[in-house]
Amino acid sequence: MSIKWQDSWNIEVGEIDNQHRALVEQVSHLLEACKRGDSRQEVASVLNFLSQYVKEHFRYEEEQHRLYNYPDRDEHAKLHKNFTQEVKKLQERFENEGFSYQFTILLNRKLVDWLIDHIGRVDQKFGVFVKSGG
Ligand SMILES: [Fe+2]
Ligand SMILES: [Fe+2]
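Residues numbered from 1 in each chain as written. Chains lettered and ligands numbered in written order. Predicted model: local features only at pLDDT ≥ 70, side-chain atom pairs only at ≥ 80, totals over all residues.

Looking now at the overall build of the protein. A tally of regular secondary structure across the protein gives 4 helices and 0 strands. Along its sequence from the N terminus, the protein presents helices and strands in the succession α-α-α-α. Radius of gyration (C-alpha) of the protein: 15 Å, near the 14 Å computed for a compact globule of 134 residues. Taking the principal axes of its C-alpha atoms as reference, the protein extends roughly 50 × 25 × 20 Å. In the protein, which comprises 134 residues, the share counted as buried stands at 18%. In the protein, 71% of the contacts between residues at least 6 apart in sequence involve partners at least 24 apart. (Helix = DSSP H or I, 4+ residues; strand = E, 2+ residues; numbered from the N terminus. Rg over C-alpha atoms; globule rule 2.2 N^0.38 Å. Buried ≥ 20, exposed ≤ 12 C-beta atoms within 10 Å, placed from the backbone. Contact = placed C-beta atoms within 7 Å.)

For the pair helix H1 (residues 16-36) and helix H2 (residues 40-67), the least separation of the axes is 10 Å and the interaxial angle reads 160°. One way to sum up the angle between H1 and H2 is to call them roughly antiparallel. As H1 packs across H2, the resulting crossing turns out to be left-handed. Taking contact as the criterion, the partners of Ile16, Gln19, Ala22, Leu23, Gln26, Val27, His29, Leu30, Ala33 and Cys34 in H1 are, on H2, Glu42, Val43, Val46, Leu47, Phe49, Leu50, Tyr53, Val54, His57, Tyr60, Glu61 and Gln64. Of the residues in the contact of H1 with H2, the class split is 15 nonpolar, 5 polar and 2 charged. (Axes fitted to C-alpha atoms, helices over the stretch in contact; angles between N-to-C directions. Parallel < 35°, antiparallel > 145°, perpendicular 65-115°, else oblique. Left-handed = near helix turned anticlockwise from the far one by under 90°. Nonpolar A, V, L, I, M, F, W, Y, C, P; charged D, E, K, R; others polar.)

So, on to the packing of helix H3 (residues 73-97) against helix H4 (residues 101-131). Two elements in contact, H3 and H4, have axes separated by 11 Å at closest approach and are oriented at 160°. Here H3 lies roughly antiparallel to H4, going by the angle between them. Classified by chirality, the crossing of H4 by H3 is left-handed. Residues His76, Leu79, Phe83, Glu86, Leu90, Arg93, Phe94 and Glu97 of H3 touch H4, and the partners they reach there are Phe103, Leu106, Leu107, Lys110, Leu111, Trp114, His118 and Val122.

Dropping the structure here:
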């Protein structure tokens, strides 16, 4: 499974779309690195970069939620927090066990599926809220 940007994911609020696009790109890099069987160090460095980027993006998005007084912001922030923990677990698992077929499956399930659902569905609700006048 791979992840590809969909134009319908644009929500047109601040830098969110650009960041989402960059996130999707980083996840594709990660999947490609796994598929190519890149060295453990390279995969780890893409994974580390991604986890850092995710944190920065969530901070920015939550700041936008506050600025617009988005009513679902607490619930949304909880989803971000859970995901940040999942990514941390993936990093730890990779550090301990290295690359494996199971790890790729886990990446697809925990990272790719979550991001597609979150960017393509959950984050959309904020865009709809802002467009409807906040
Ligand atoms: Fe987002
Ligand atoms: Fe979000």
